[in-house]
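# Reading the structure
Each chain, letter by letter, is given below.
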Amino acid sequence: MVSRYVTAVGRLGASQCAVLAKPWQLTDELSNVLSRAIADGSSRTGEEAAALAAVVTVPMRVAGSGGWAAVKTAAFGGRVMAARTRLTAEQLEALWAPIQAAIPLTSLNAPARARR
């Protein structure tokens, strides 16, 4: 799912980037849940891959501070995706809220299409 997410970040359009640029904030409880889930450092690779994809994609679609806010949100999504196995479904859904409008969580679960 992390690689699907990174691919989705690379395919973001301007309107999706604008959605990711909107301000958001986690509750202390959710922040603590995520901190515990990533404490072992295993999510770093997913977060870095998402951040790199976002740094390449987003500035072409949203300029200035909005673009950097969208990159930050996309990197956060990589962190959440990489930690998803250590989160409950409710926690994952709540953490995914800032990204949901741009990249629906259900779209990452979709089976891959067969190539012809």
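The following paragraphs examine the structure supplied in this document.

The rules behind each value
- Residues numbered from 1 in each chain as written.
- Predicted model: local features only at pLDDT ≥ 70, side-chain atom pairs only at ≥ 80, totals over all residues.
- Heavy atoms only, no water.
- Buried < 20%, exposed > 50% of the residue type's maximum accessible area, 1.4 Å probe, protein only.
- Helix = DSSP H or I, 4+ residues; strand = E, 2+ residues; numbered from the N terminus.
- Arc of directions from axis to C-beta.
- Contact = heavy atoms within 4.5 Å.
- Core = buried A, V, L, I, M, F, W, Y, C linked by side-chain atoms within 4.5 Å.
- Phe/Tyr/Trp six-rings, centres within 6.5 Å; stacked < 30°, edge-to-face > 60°.
- Lys NZ or Arg CZ within 6 Å of the ring centre and 35° of its normal.
- Polar contact = N/O pair within 3.5 Å; in protein donor to acceptor, adjacent residues only side chain to side chain.

### Things to note about helix H3 (residues 28–37)
- Burial in H3 covers these residues: Leu30, Val33, Leu34 and Ala37. Down the axis, H3 shows its buried residues gathered within 95° of arc, on one side only. Of the exposed residues in H3, the ones pointing more than 90 degrees away from its buried face are Asp28 and Arg36.
- For H3, the elements touching its buried residues are helix H5 (64–83) and helix H6 (89–100).

### Quick notes on the nonpolar core
- Counting residues in each nonpolar core, the largest one holds 31 residues, and the members touching the most others are Tyr5, Val9, Val80, Trp96 and Ile103.
- Breaking this core down by element, the ones donating at least two residues are helix H1 (2–10), helix H2 (14–20), H3, helix H4 (44–57), H5, H6 and helix H7 (105–109).
- Among all residues touching Val9, those that are not within four sequence positions of it are Ala50, Ala53, Ala54, Thr57, Ala74 and Ile103.

### A closer look at the packing of aromatic side chains
- Within the structure shown, the criterion is met by 2 aromatic pairs.
- Pairing Tyr5 with Trp96 gives two aromatic rings, centres 5.3 Å apart and planes at 75°, and the pair type is edge-to-face. With Tyr5 in helix H1 and Trp96 in helix H6, this residue pair connects regions lying 91 residues apart in the sequence.
- For Trp96, a relative accessible area of 0% corresponds to the buried category.
- Judged by centre distance (4.7 Å) and plane angle (45°), the rings of Trp24 and Phe76 are tilted. Remark: Phe76 occurs in helix H5 and Trp24 occurs in the loop between H2 and H3; sequence separation between them is 52 residues.
- The residue whose ring lies beneath Lys72 is Trp24, and the NZ or CZ to ring-centre distance is 5.4 Å.

### Comments concerning the side chain of Glu47
- With respect to the element layout, Glu47 can be found in helix H4.
- Polar side-chain contacts of Glu47 include one of 2.5 Å to the side chain of Arg79.
- Excluding residues within four positions of it along the chain, Glu47 makes contact with Ala75, Gly78 and Arg79.

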